[in-house]
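Letter by letter, the chains look like this.
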Amino acid sequence: MTSLNRPARLNRALLAVFGLLLLGSGCFAVAAHFSRLGFLDSDAALIPATADPPTWMLWVAAATAVILGLLVLRWLAAQLARRPKTRTWHLEHNPEEGNTELTANTATAPFLGDVATYPGVHHARATLAGTSRNPTLAIVISTEQGGDLTTINHRLTTHGLPRLRQALDLDDLPFTVEYRFTTHTGARAL
């Protein structure tokens, strides 16, 4: 199993920073409300005067809101575009003798059938991307809450992936695995 890629680490770091900022803001507001901060008076007005703010302040607030909105939209778009692009592989050792084409879904179907039989696995999907010279495999496995990830990972690396590499005639197949937990305990689906 490979570690998280760079965008995933950055995504988690940004979410952690944003979460800490929100937590700090909430704690500050609660402490101010209950007069736990000596430099703030809980009975004082939030805005000391009723005059309109300067025009430049309204423009700064609007620009900040637009920038934050665009950043949030960019983050949401990045969440939707997670699957790598698949291709049809052209497997030809000798072009004069013929050409073999293999779609990525056809190549991964038997592999996913094997993975779905592992104990604790509820659902699995995989995306085989790249070319036959530079392939990559992205696997998403949904497991039951009590699923043993160590056993699943061991079966994956000693049984499923070697068979897939052999079927595709590859010496190396870089891969990533994402585990998702589910409370659903019904029949397994592919």
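Rules used throughout
Residues numbered from 1 in each chain as written. Predicted model: local features only at pLDDT ≥ 70, side-chain atom pairs only at ≥ 80, totals over all residues. Heavy atoms only, no water. Buried < 20%, exposed > 50% of the residue type's maximum accessible area, 1.4 Å probe, protein only. Helix = DSSP H or I, 4+ residues; strand = E, 2+ residues; numbered from the N terminus. Pairing = 2+ DSSP bridges. Right-handed = clockwise from strand over helix to strand, strands pointing away. Axes fitted to C-alpha atoms, helices over the stretch in contact; angles between N-to-C directions. Parallel < 35°, antiparallel > 145°, perpendicular 65-115°, else oblique. Left-handed = near helix turned anticlockwise from the far one by under 90°. Contact = heavy atoms within 4.5 Å. Nonpolar A, V, L, I, M, F, W, Y, C, P; charged D, E, K, R; others polar. Patch = residues over 30% accessible without salt bridge, like charges linked within 9 Å, V, L, I, M, F, W, Y side chains within 5 Å. Areas by Shrake-Rupley, 256 points an atom, 1.4 Å probe, with all protein chains shown as cover. Salt bridge = Lys/Arg side-chain N within 4 Å of Asp/Glu carboxyl O.

Student: So what exactly am I meant to see when it comes to the pairing of strand E4 (residues 135-144) here?
Tutor: Taken residue by residue, a regular strand's side chains alternate between the two faces of the sheet. Across the ten residues that make up E4, a large majority, seven, are buried. Relative to E4, strand E3 (residues 121-130) is paired through nine bridges, and the arrangement is antiparallel. Paired with Thr 127 across the two strands is Ala 138, which belongs to E4. Counted along the chain from E3 to the antiparallel partner E4, the turn is four residues long. Assessed by its sense of winding, the connection that carries the chain from E4 through helix H4 (residues 149-168) to strand E5 (residues 175-182) is right-handed.

Student: Whenever I open this one, the packing of helix H3 (residues 104-116) against H4 confuses me. Can you help?
Tutor: Between two packed helices, both the angle of their axes relative to each other and the distance between the axes serve to describe the pair. Packing of H3 against H4 leaves a shortest axis separation of 10 Å and a crossing angle of 160°. When the axis of H3 is compared with that of H4, the two are roughly antiparallel. Seen along the crossing, H3 lies across H4 with a hand that is right-handed. Seen from H3, the contacting residues are Ala 107, Phe 111, Asp 114 and Val 115; seen from H4, they are Leu 156, His 159, Gly 160, Leu 161, Arg 163, Leu 164 and Leu 168. Looking at the contact of H3 with H4 residue by residue, the classes come out as seven nonpolar, two polar and two charged.

Student: Just checking my understanding: could you explain a nonpolar patch on the surface for this structure?
Tutor: On the surface, a cluster of nonpolar side chains totalling about 660 Å² of accessible area is made up of Leu 15, Val 66, Leu 70, Val 72, Leu 73, Trp 75 and Leu 76. Element by element, the count of residues in the nonpolar patch is highest for helix H2 (residues 55-80), at six residues. Topologically, Leu 70 is positioned in helix H2. Owing to a relative accessible area of 55%, Leu 70 belongs among the exposed residues under this scheme.

Keep in mind that these numbers describe shape and distance, not what the molecule does.
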